[in-house]
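# Residue-level structural notes
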Amino acid sequence: AMAVVCVAVVSKENYPLYVKTTVPDSDLKFHYLVHTSLDVVEEKVSFLSEHARGSSERRELYLGQLYPSEEYKIYGYVTNTKVKFVVIMENTNSYAKDNEMKALFKKLHSAYYNLLRNPYYTPGHQIQSKMFDQTVASLMQQSSK
Amino acid sequence: AEIPDSVFELLHAEIVRVLKNGKDGSRSNTELKLKLEEMGYRVGQGWIEKCTKDRAPFKDELDVMKFVCKEFWMSVYNKQVDNLRTNHQGVYVLQDNKFHFFGQMSSTAQYTDEAHMYMAFPGGMLRGALAAVGVNCTVGCEITSMPACKFTISVLPS
């Protein structure tokens, strides 16, 4: 399996709520990658819903790979509440199956919903929950086994 | 695990009672409505996330409203909205002929004044849920005749 190097949660208004990376001293680089991937997310979401009559209608929250890059594979997912999850993986020769990526995003989404159940969290605020952080850390660790 | 819906009913009634009494004496109805609406808003934001977690993306605004009238209403009040009308220009009227929170109140006009307070939290919940899925709006609450009521959603121009 490939290593997840970055997980980001982006608000409905497209500002970052949470960015976690496993690569030391690369915060800025990954913030930038997440930021540029948002344009692609918007494209995918609006293109598909404009052509909504018929087969190109977006049927799921998982967006698949967002755009090709030399170093990384970047995947996206948008909840019905317009919160975006971006997962960045090392671009090795192997590739992650759709099923595996969907499962990863579903777990992220569950973690986000659990966060909303925390009375100390206000939607739209920075995510500082240790529980959320631990869940993401273990998801990132599991993926590299 | 589902909890019996009477727990929510009881909890809500107690919230209204406690907030009405306030810290230093009784709160005005206006203040009470505002507080209840605020509470409902945050609950709506959270609950809609749960309801839409495993659902396909919404196609359009009408799709959202239909979802609210069916699945969302069912998950909160154990029944669907009885009637949905729209002018197709951003105004939607949701009619519930037997509103869950009026269930134990007498059908005559005896409690109509108090009953309005019981729509504040639900109105807020509706507004919070809609805002979370991208439909910013105002929500008006009206009791037609107990136990029937209407929620009027006016989508704000973006």
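## Comments concerning the overall build of chain B
- When you go through chain B residue by residue, the secondary structure sums to five helices and four strands.
- Starting at the N terminus and ending at the C terminus, chain B contains elements arranged as α-α-α-β-β-α-α-β-β.
- Per-residue burial for chain B yields a buried fraction of 45% across its 158 residues.
- Counting contacts in chain B only where the partners sit at least 6 residues apart, residues at least 24 apart contribute 56% of the total.
- Total accessible area on chain B is roughly 8300 Å²; 52% of this is exposed by carbon and sulfur atoms.
- When the 18 positive and 19 negative side-chain charges of chain B are each reduced to one mean point, those points stand 1 Å apart.

## A short note on the packing of aromatic side chains
- Counted under the stated rule, the structure contains 16 aromatic pairs over all chains.
- Taken together, a centroid distance of 5.3 Å and an interplanar angle of 10° make the contact between Tyr-77 of chain A and Phe-105 of chain A stacked. Placement of Tyr-77 of chain A in strand β4 (residues 72-78) and of Phe-105 of chain A in helix α2 (residues 98-116) is noted, with a sequence separation of 28 residues between them.
- Residue class for Phe-105 of chain A comes out buried when judged on its relative accessible area of 0%.
- Aromatic pair Phe-8 of chain B and Phe-121 of chain B: ring centres 6.3 Å apart, planes at 65°, arrangement edge-to-face. With Phe-8 of chain B in helix α1 (residues 5-21) and Phe-121 of chain B in helix α5 (residues 120-132), this pair connects stretches of sequence that are 113 residues apart.
- Looking at Phe-121 of chain B, the relative accessible area reads 4%, which means it is buried.
- By way of ring pairs, the aromatic residues Phe-8, Trp-73, Tyr-77, Phe-99, Phe-101, Phe-102, Phe-121 and Phe-151 of chain B are connected into one cluster.
- The ring of Phe-30 of chain A has Lys-29 of chain A sitting right over it, with the charged end atom 5.6 Å from the ring centre.

## Some remarks on unusual backbone geometry
- In this model, Met-146 of chain B is joined to Pro-147 of chain B through a cis peptide bond whose omega is -5°.
- In this fold, Pro-147 of chain B is placed in the loop between β3 (137-145) and β4 (148-155).
- In the Ramachandran plot, Asn-14 of chain A falls in the positive-phi region, its phi being about 70° despite a non-glycine side chain.
- With respect to the helices and strands, the residue Asn-14 of chain A is situated in the loop between β1 (4-10) and β2 (16-21).
- A relative accessible area of 29% means that Asn-14 of chain A is categorised as partly exposed.
- Phi at Asp-25 of chain A takes a positive value of approximately 60°, unusual for a residue other than glycine.

## Remarks on the confidence of the model for chain B
- Within chain B, residue pLDDT values average 91, and 94% of them lie at 70 or more.
- For this predicted complex, the interface confidence comes out at an ipTM of 0.86, alongside a pTM of 0.90.

## Details of a positive patch on the surface
- The grouping of Arg-59 of chain A together with Lys-59, Lys-66 and Lys-70 of chain B at the surface amounts to a positive patch.
- Position of Lys-59 of chain B among the secondary structure elements: in the loop between α2 (29-52) and α3 (61-77).

## Things to note about the pattern of salt bridges
Residues and elements named next belong to chain B.
- According to the stated counting rule, one finds 14 salt bridges over all chains in the structure shown.
- Where Arg-127 meets Glu-37, a salt bridge forms, and the shortest distance between an N and an O atom there is 2.8 Å. Linking Arg-127 in helix α5 with Glu-37 in helix α2, this pair joins segments that are 90 residues apart in sequence.
- Taking the relative accessible area as the measure of exposure, Arg-127 reaches 25% and is therefore partly exposed.
- One salt bridge connects Asp-54 with Lys-53, and the closest N-O pair in it is separated by 4.0 Å.

## Considerations on the packing of α2 of chain B against α5 of chain B
All names here are of chain B.
- Put simply, α2 and α5 touch, their axes get as near as 6 Å, and they point 40° apart. In terms of their interaxial angle, α2 and α5 are classed as oblique. Crossing of α2 against α5: the hand is right-handed. Between α2 and α5, the contacting residues are Lys-33, Leu-36, Glu-37, Met-39, Gly-40, Tyr-41, Val-43, Gly-44, Gln-45 and Ile-48 on the first element and Ala-120, Phe-121, Gly-123, Gly-124, Met-125, Arg-127, Gly-128, Ala-129, Ala-131 and Ala-132 on the second.
- Taken together, the residues that form the contact of α2 with α5 break down as 11 nonpolar, six polar and three charged.

Rules used throughout
- Residues numbered from 1 in each chain as written.
- Chains lettered and ligands numbered in written order.
- Predicted model: local features only at pLDDT ≥ 70, side-chain atom pairs only at ≥ 80, totals over all residues.
- Heavy atoms only, no water.
- Helix = DSSP H or I, 4+ residues; strand = E, 2+ residues; numbered from the N terminus.
- Buried < 20%, exposed > 50% of the residue type's maximum accessible area, 1.4 Å probe, protein only.
- Contact = heavy atoms within 4.5 Å.
- Areas by Shrake-Rupley, 256 points an atom, 1.4 Å probe, with all protein chains shown as cover.
- Lys, Arg positive; Asp, Glu negative; His and termini not counted.
- Charge placed at Lys NZ, Arg CZ, Asp CG, Glu CD.
- Phe/Tyr/Trp six-rings, centres within 6.5 Å; stacked < 30°, edge-to-face > 60°.
- Lys NZ or Arg CZ within 6 Å of the ring centre and 35° of its normal.
- pLDDT = per-residue confidence, 0-100.
- Patch = residues over 30% accessible without salt bridge, like charges linked within 9 Å, V, L, I, M, F, W, Y side chains within 5 Å.
- Salt bridge = Lys/Arg side-chain N within 4 Å of Asp/Glu carboxyl O.
- Axes fitted to C-alpha atoms, helices over the stretch in contact; angles between N-to-C directions.
- Parallel < 35°, antiparallel > 145°, perpendicular 65-115°, else oblique.
- Left-handed = near helix turned anticlockwise from the far one by under 90°.
- Nonpolar A, V, L, I, M, F, W, Y, C, P; charged D, E, K, R; others polar.

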